[in-house]
Amino acid sequence: MGIRSWLSQAARTLKLAVKPGRSELWLSIKISILGIGVVGLIGFVIRLLSFAAGGVSTSAG
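Note that the structure is predicted; figures quoted are calculated from it, not measured.

Draft legend 1. Fine view of the overall build of the protein chain. The number of helices and strands found in the protein chain is 2 helices and 0 strands. Burial analysis of the protein chain (61 residues in total) assigns 2% to the buried set. Carbon and sulfur atoms make up 69% of the accessible area of the protein chain, which totals about 5,800 Å².

As structure tokens, this is what we get:
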């Protein structure tokens, strides 16, 4: 796949793209915030479990 072919595909995609409506944009924002929160919560739980196991030190040196 050459650069010219890729550029024509990209141009075609941009021509078909439409600006999302307010409700669709709000749904995307809510889903993104929920995903970030879930990933943060998982990281927090893993950190708590590692502290409980005594495997992680907080000093960086």
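Next comes the rest of the description.
Draft legend 2. Region of interest: helix α1 (residues 3-16). Here α1 spans 20 Å end to end across 14 residues, near enough to the 20 Å set by a 1.5 Å rise per residue. Counted residue by residue, α1 has 0 buried out of 14 residues, so it is predominantly exposed.

Draft legend 3. Examining a nonpolar patch on the surface more closely. On the surface, a nonpolar cluster with roughly 500 Å² of combined accessible area is contributed by Leu-41, Phe-44, Val-45, Leu-48 and Leu-49. Note that Leu-41 resides in helix α2 (residues 22-53). Judged by relative accessible area, Leu-41 falls into the exposed class, the value being 53%.

Draft legend 4. Quick peek at α2. In a regular helix each residue adds 1.5 Å, so 32 residues correspond to 46 Å; α2 covers 47 Å between its end C-alpha atoms and thus fits that length. Once α2 ends, the next one or two residues include Gly-54, with phi positive near 80°.

Each value, and the rule that gives it
Residues numbered from 1 in each chain as written. Predicted model: local features only at pLDDT ≥ 70, side-chain atom pairs only at ≥ 80, totals over all residues. Heavy atoms only, no water. Helix = DSSP H or I, 4+ residues; strand = E, 2+ residues; numbered from the N terminus. Buried < 20%, exposed > 50% of the residue type's maximum accessible area, 1.4 Å probe, protein only. Areas by Shrake-Rupley, 256 points an atom, 1.4 Å probe, with all protein chains shown as cover. Expected span 1.5 Å × (residues − 1). Patch = residues over 30% accessible without salt bridge, like charges linked within 9 Å, V, L, I, M, F, W, Y side chains within 5 Å. Salt bridge = Lys/Arg side-chain N within 4 Å of Asp/Glu carboxyl O.

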